[in-house]
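Residues per chain are reported as follows:
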Amino acid sequence: KFLRLIKEKQYDEAISIARKQVDDGALVLDINMDDGLLDARSEMVTFLNMIASEPDIARLPVMIDSSKWDVIVEGLKCVQGKSIVNSISLKEGEDVFLAHARDCMRYGAAVVVMCFDEQGQATSYERRIEIAERAYRLLTQEVGMNPLDIIFDPNVLAVATGMEEHDSYAADFIRATGWIRTHLPGAHVSGGISNLSFSFRGNNYIREAMHAVFLYHAIQQGMDFGIVNPATKIVYSDIPADQLEIIEDVILNRQPGAAERLIELANRLGQENSS
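An account of the accompanying structure is given in this report. The model shown is predicted, which means the values in this text are computed figures rather than measured ones.

**Focus: the nonpolar core**
If you look at soluble globular proteins, the nonpolar side chains tend to sit buried side by side.
For step 1, the next point in the chain: One finds Phe97, Val113, Leu139, Phe152, Phe214 and Leu262 to be the most contacted residues of the largest nonpolar core, which totals 89 residues.
For step 2, the next point in the chain: In terms of residues, this core owes the most to one element, helix 7 (residues 125–143), which gives nine residues.
For step 3, the next point in the chain: When neighbours within four sequence positions are excluded, Val113 is seen to be in contact with Ile88, Phe97, Ala135, Leu139, Ile150, Ile151, Phe152 and Asp153.
For step 4, the next point in the chain: By size, the runner-up hydrophobic cluster in this structure holds six residues, among which are Met63, Ile84, Met114 and Ile151.

Structure, rendered in structure tokens:
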């Protein structure tokens with residue numbers, strides 16, 4: 001909806017989406033203009049300048065989110081106060097990583113650091129902590145960044161996909177979160193939560209229940225940021241015990257065959273809701 005409104009230059013309505021997120025309890029506004037049919041740079045500047053004059057929206061920090069570095073830099077020039085850049089990574093090597101980090105520091109922004117390097121995206125516990133440790137060392141020692149301005153994203157990936165190698169993705173993220181918060185002082189941990197339940201598109205109840213369980217355990221390990229729907233209705237304590245056991249078996253990778261049991265549960269609940 002936001003994309004359609006920006007394409008049609010319906011900025012007042014687009015601003016109302018940001019306002020609704022604030023009203024629903026969002027603590028940061030993530031703004032992304034990446035689309036083949038948009039001039040992302042000019043749209044980012046236009047929108048950031050417009051929300052700057054809306055006191056109820058402008059009181060929230062802005063996360064400038066783009067895969068194009070020139071868009072991020074233009075955005076950084078527009079925001080007041082402290083913003084967050086989403087994101088930098090070691091994907092293109094250390095030189096690009098350090099240059100991007102220095103840009104962020106110059107504009108006073110915090111950074112989301114994806115657990116991604118020259119070999120690709122980290123999917124195991126070991127690779128997640130290896131990349132985080134390397135990035136932390138470069139940012140704090142080479143760039144001189146304040147560790148409190150570093151937000152690691154150790155990659156929330158889909159579980160219960162039917163592929164066995166995906167079964168440990170959530171548990172490994174949670175473990176990596178605990179390691180980062182213990183061993184990389186000051187750094188934060190974030191993640192895009194909707195990725196977790198991608199296999200259950202169309203079943204909102206199961207998706208929200210999975211997110212609630214995942215967040216419950218990840219927050220205990222120190223996760224303190226996340227891209228979530230602020231209007232979500234389901235919390236950990238609301239989930240019936242029999243359902244909770246099945247969902248936790250999947251998230252924590254506790255039992256073989258857990259994914260199959262969750263798929264059965266999703267099908268059963270789907271049939272009950274449609275009857």
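**Notes on the packing of aromatic side chains**
Here the distance between the centres and the angle between the planes together describe a pair of aromatic rings.
For step 1, the next point in the chain: In total, this model carries three aromatic pairs according to the counting rule given.
For step 2, the next point in the chain: Ring centres of Phe173 and Phe214 lie 5.3 Å apart, and the angle between their planes is 50 degrees; on these two criteria the pair is classed as tilted. Of this pair, Phe173 sits in helix 8 (residues 169–183) while Phe214 is found in helix 9 (residues 204–220), placing the two residues 41 residues apart along the sequence. For the pair shown, Phe173 and Phe214 are each scored as buried.
For step 3, the next point in the chain: Seen from their ring centres, Tyr216 and Tyr236 are 3.6 Å apart, and the 5 degrees between their planes marks the pair as stacked. With Tyr216 in helix 9 and Tyr236 in the loop between helix 9 and helix 10 (241–251), the pair connects residues that are 20 residues apart, well separated along the chain.
For step 4, the next point in the chain: Since its relative accessible area comes to 21%, Tyr236 is described here as partly exposed.
For step 5, the next point in the chain: Here the guanidinium or amino end of Arg175 rests over the ring plane of Tyr125, the centre of that ring lying 3.7 Å away.
For step 6, the next point in the chain: The ring of Phe198 is capped by Arg201, whose NZ or CZ atom sits 4.3 Å from the centre of that ring.

Definitions and limits used
Residues numbered from 1 in each chain as written. Predicted model: local features only at pLDDT ≥ 70, side-chain atom pairs only at ≥ 80, totals over all residues. Heavy atoms only, no water. Core = buried A, V, L, I, M, F, W, Y, C linked by side-chain atoms within 4.5 Å. Buried < 20%, exposed > 50% of the residue type's maximum accessible area, 1.4 Å probe, protein only. Helix = DSSP H or I, 4+ residues; strand = E, 2+ residues; numbered from the N terminus. Contact = heavy atoms within 4.5 Å. Phe/Tyr/Trp six-rings, centres within 6.5 Å; stacked < 30°, edge-to-face > 60°. Lys NZ or Arg CZ within 6 Å of the ring centre and 35° of its normal.

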